[in-house]
Amino acid sequence: MPPKRADPRARPHVPRPPRVYQKIIARLTRIAVTEGYGSTQTRRTLHFLLHTDRGLSSRADYVDPQHVPDFDGDVAWFEVEKTERGGGHQWPWWRAVRQVEPPADA
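Residues numbered from 1 in each chain as written. Predicted model: local features only at pLDDT ≥ 70, side-chain atom pairs only at ≥ 80, totals over all residues. Heavy atoms only, no water.

Caption draft 1: Molecular detail of the pairing of strand β4 (residues 75-83). Relative to β4, strand β1 (residues 20-35) is paired through 9 bridges, and the arrangement is antiparallel. Bridging from a neighbouring strand, Val20 pairs with Thr83 of β4. In the sheet, β4 pairs with strand β5 (residues 93-99) via 6 bridges, with the strands oriented antiparallel. Opposite Phe78, over in β5, you have Gln99 as the bridge partner. (Pairing = 2+ DSSP bridges. Helix = DSSP H or I, 4+ residues; strand = E, 2+ residues; numbered from the N terminus.)

Encoded structure:
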């Protein structure tokens, strides 16, 4: 009689960081809305538009505000990476890693 196999649930699952598919330097533009009136007026960021060298014929890429470090102004250059789905995401998603200087040809 063959030996019993170990229960696969007995092995602890070690979470791994999401796989990075692509890294680029890109310009992010803040898309925000102003809410309220008078002294209670606030500005809320909806998302960031990711500008790449693919041109206007490609579909737009967006970055969730929770995946972008804080910065001053509405436009900045970042090193961004496209990561595999996971962590509540149903598809690969973009995240900004760090703010960088704009390229010389920009």
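Caption draft 2: Region of the structure containing the confidence of the model for the protein chain. Across the protein chain, pLDDT averages 83, with 76% of residues at or above 70. Mean pLDDT values over the elements of the protein chain span from 86, in strand β3 (residues 61-63), up to 93, in β4. (pLDDT = per-residue confidence, 0-100.)

Caption draft 3: Summary view of the pattern of salt bridges. Per the stated rule, a full pass over the model turns up 7 salt bridges. We note a salt bridge from Glu81 to Lys23, for which the minimum N-O separation is 3.8 Å. Residue Glu81 is located in strand β4, and its partner Lys23 is located in strand β1; the two are separated by 58 residues in the primary sequence. The closest approach of N and O atoms between Arg95 and Glu81, which form a salt bridge, is 2.7 Å. Placement of Arg95 in strand β5 and of Glu81 in strand β4 is noted, with a sequence separation of 14 residues between them. The exposure class of Glu81 is buried, given its relative accessible area of 7%. (Salt bridge = Lys/Arg side-chain N within 4 Å of Asp/Glu carboxyl O. Buried < 20%, exposed > 50% of the residue type's maximum accessible area, 1.4 Å probe, protein only.)

Caption draft 4: Highlighting the pairing of strand β2 (residues 42-51). Taken together, the 9 bridges between β1 and β2 define a ladder with antiparallel strand orientation. When the sheet's bridge partners are listed, Leu28 is paired in β2 with Leu50. The turn joining β1 and β2, which pair antiparallel and follow one another in sequence, is formed by 6 residues; a positive phi near 90 degrees is taken by Gly36. Summarising the sheet, β2 and β3 pair through 3 bridges and their orientation is antiparallel. Each residue of the ladder has a partner; that of Phe48, found in β3, is Val63.

Caption draft 5: Fine view of the nonpolar core. Residues Ala26, Leu28, Phe48, Leu50, Val63, Val68, Phe71, Ala76, Phe78, Val80, Trp94 and Ala96 constitute the largest nonpolar core, which totals 12 residues. Secondary-structure elements contributing two or more residues to this core are β1, β2, β4 and β5. For this core, the leading source of residues is β4, giving 3 residues. Once residues lying within four places of it in the same chain are set aside, the contact partners of Val80 are Gln22, Lys23, Ile24, Ala26, Leu28, Leu50, Trp94, Arg95, Ala96 and Val97. (Core = buried A, V, L, I, M, F, W, Y, C linked by side-chain atoms within 4.5 Å. Contact = heavy atoms within 4.5 Å.)

Caption draft 6: Here's a closer look at the packing of aromatic side chains. Within this structure, the stated rule accounts for 2 aromatic pairs. Between the aromatic rings of Phe48 and Phe71, the centroid separation amounts to 5.8 Å while the plane-to-plane angle is 45 degrees, which identifies the pairing as tilted. With a gap of 23 residues between them, Phe48 in strand β2 and Phe71 in the loop between β3 and β4 connect regions that are remote in the sequence. Where Phe71 meets Phe78, the ring centres are 5.3 Å apart and the plane angle is 65 degrees; that geometry is what we call edge-to-face. On the accessibility criterion, Phe78 (0% relative accessible area) is buried. Joined through ring pairs, the aromatic side chains of Phe48, Phe71 and Phe78 make up one cluster. Over the ring of Phe71 we find Arg30, and its NZ or CZ is 4.7 Å from the ring centre. (Phe/Tyr/Trp six-rings, centres within 6.5 Å; stacked < 30°, edge-to-face > 60°. Lys NZ or Arg CZ within 6 Å of the ring centre and 35° of its normal.)

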